[in-house]
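Chain and residue survey
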Amino acid sequence: MLSGFNTAAAQLDANGYPVAGASGQSQTDLGFQLPTGTYDISYVGTGTLTVSGIGALVGSWQSVNGEQRAQIKITGTPGNFGNFLTLNVSNTGSQTVTSIHIYLPEKNPFNPAFIAALSPFRAMRFMGWMGTNNSKLTNWSDRPASSHFGASPYGVPYELVAELINQTGKDGWINVPELATSSFISSFASFMAQNLDFSRITAARQAAGFTTPFQLIVENSNETWNMGFSAYATFLAAANANASRYPGTYTGSYGPSWMTGNADLMKVGEYEADRLVNIGQAFQQAFQSGGHADAIAPVLSGWALGAGYSDDGLTFIQKNYGTPSKYVSYVALAPYFSTADDTTTGSLSTIFPAMVTNVMSMGTALQGFAMLSKQYGIPIAAYEGGQGLTGTTNQTIKHLAQFDARMNQTYETYLKFWQQNFGNALFMHFTLAGTPGLPENIYQYGFWGSLPGVDENLATCGKSLPTLTGTEMISSLLGYCPKYAALASHVPE
């Protein structure tokens, strides 16, 4: 999460630390994300590491088993941005500072409140963690790694993805970068096969009462149909380079026609499906030696506005490989709901009926996906979903709506509507937790979290939900979680 050191690149080692005799600073605004408390800090070396900003050293450094160890007091600032945790490394002569770690005292790399917030659910999608959208990650050597200091532009270290799955036993949904080479894909598959501990996963699933087999769901990038993400252009260019294999001519019967009549879009759908088959086979091969090839579940992208894009991909697979259900475990879409426009977002009394109307308007499209599922024998899943209120118009009302009892009721309607079409099909909400508090300008892009932040009191935040007037202070409402409560109540037994 910390930024890299501001040391000249030539004076950084392979893991991003200042080399012998060099110094540097890492400074990152983390106060709004970190809970107040005492943390353990450690490093290896003879140089000097100082902490300032929202963190302050408690006592002095102690040398233990080749590490320098101490504790720091961090003061969290939820809802208040611009508060930095600052690390300074000072090396002279042959001195170095490497292997910096900051942990909560439990030594778990994950906040216990985060693990608790995950507990009701059965699957985790790592699209955001992996920096999937518009990713430039191409070579395996450039992947984010836990040995490297600071935040990677390519997301969270893959070691932490595997460890979270191992700890919780939940199904994991991972995304392969759009530019990943075939060598990258093979290495990624091997890495996950080596780092997933099926003994731990099985024990965690038994403790949680899960009775279904573990799945590693594997997706080819994210929202490949979305022209706003670079994967669309990447895949279109690849398809155009082999026009005879990817003609972009849709021959199925699903709609809408504006979708299926777009030759470029259909080319992307064909290329995406072709690459997914190869990705799935690479992962199954890597997991075969451990006897877990059947855990791999490739997922084909879908566009919630109609089943035509997904059918184009499945038709391609059928033509070139055979029965699609042998290669695809899920077809996934993102059934977000919002309001038709901002004419109904000016008050809480109008915004909720408008959202329910929007939910019900999805019926025709969802029925098309239900028909597609039946035709191919492939389950439907939601790779993302939930309310999708965005923009700066009537932003305060949109924000207040996130804490209102009527949002809980709207989610109940929405989730029941999903179940009416697809039964207990896999549904992934976007996302688990957001950023608590103000300033409001960060919310023009949406109020995605089911929780305001992971440190909510889960025992009470979904109860005694208020019906608001629209004049309340946001800061007085952060202890409510109507969306989370609805989601947790719909997880199948």
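Here's a quick rundown of the structure. (Residues numbered from 1 in each chain as written. Predicted model: local features only at pLDDT ≥ 70, side-chain atom pairs only at ≥ 80, totals over all residues. Heavy atoms only, no water.)

**A closer look at empty space enclosed by the protein**
One pass over the structure, following the stated rule, counts one cavity of 30 Å³ or more. Estimates place the volume of the largest cavity at around 30 Å³. Around the largest cavity, the lining residues are P335, V359, M362, L366, Y414, F417 and W418. At three residues, helix α12 (residues 405-422) tops the list of elements feeding residues into the lining of the largest cavity. Here the residues of the lining of the largest cavity are counted per class, giving seven nonpolar, no polar and no charged. (1 Å grid on protein atoms, 1.4 Å probe; cavity = no way out; pocket = protein on both sides within 12 Å on 5 of 7 lines; lining within 4 Å. Points joined across faces, edges and corners; volume = space filled by probe spheres on them. Helix = DSSP H or I, 4+ residues; strand = E, 2+ residues; numbered from the N terminus. Nonpolar A, V, L, I, M, F, W, Y, C, P; charged D, E, K, R; others polar.)

**Some points on the side chain of D171**
Considering the arrangement of structural elements, one finds D171 in strand β9 (residues 171-176). You can call D171 buried: its relative accessible area is 11%. There is a polar contact of 2.9 Å between the side chain of D171 and the backbone nitrogen of Q215. Excluding residues within four positions of it along the chain, D171 makes contact with R122, A123, M124, R205, P213, F214 and Q215. (Buried < 20%, exposed > 50% of the residue type's maximum accessible area, 1.4 Å probe, protein only. Polar contact = N/O pair within 3.5 Å; in protein donor to acceptor, adjacent residues only side chain to side chain. Contact = heavy atoms within 4.5 Å.)

**Topic: the state of the cysteines**
What the rule picks out here adds up to one disulfide. Between the sulfur of C461 and that of C481 lies a disulfide, 1.9 Å long from S to S. Judged by the sign of its S-S torsion, about 70°, the bond between C461 and C481 is right-handed. Of this pair, C461 sits in the loop between α12 and α13 (482-489) while C481 sits in the loop between α12 and α13, and the two are 20 residues apart along the sequence. Residue C461 is classed as buried on the basis of its relative accessible area, which comes to 0%. When its relative accessible area of 1% is taken as the criterion, C481 is described as buried. (Disulfide = S-S within 2.5 Å.)

**What about the pairing of β9?**
With respect to burial, β9 is a largely interior element, six of its six residues being buried. Alternating positions in β9 separate into two faces, D171, W173 and N175 on one and G172, I174 and V176 on the other, with burial throughout. Two elements, strand β8 (residues 123-125) and β9, share three bridges in a ladder whose sense is parallel. By the bridge assignment for β9, A123 is matched with D171. Each parallel crossover has a hand, and for β8 linked through helix α2 (residues 158-168) to β9 it is right-handed. The pairing of β9 with strand β10 (residues 216-220) spans five bridges and is classified as parallel. Bridge pairing in β10 places V176 opposite N220. (Pairing = 2+ DSSP bridges. Right-handed = clockwise from strand over helix to strand, strands pointing away.)

**A word on the sheet that holds strand β7 (residues 97-103)**
The strands that make up a sheet pair up through hydrogen bonds in the backbone, lying either parallel or antiparallel. Here four strands make up an open sheet; going across it, the order is β4-β5-β2-β7 and the pairing antiparallel. What marks the edges here is a single partner per strand, and that holds for β4 (55-64) and β7. The mean inter-strand angle of the sheet, taken between neighbouring strand axes irrespective of direction, is 20°. Examined bridge by bridge, strand β2 (residues 37-45) and strand β5 (residues 67-74) share seven bridges and lie antiparallel to one another. When the bridges of β5 are listed, Y39 appears paired with I72. (Axes fitted to C-alpha atoms, helices over the stretch in contact; angles between N-to-C directions.)

The quantities given are spatial measurements derived from coordinates; they are silent on function.
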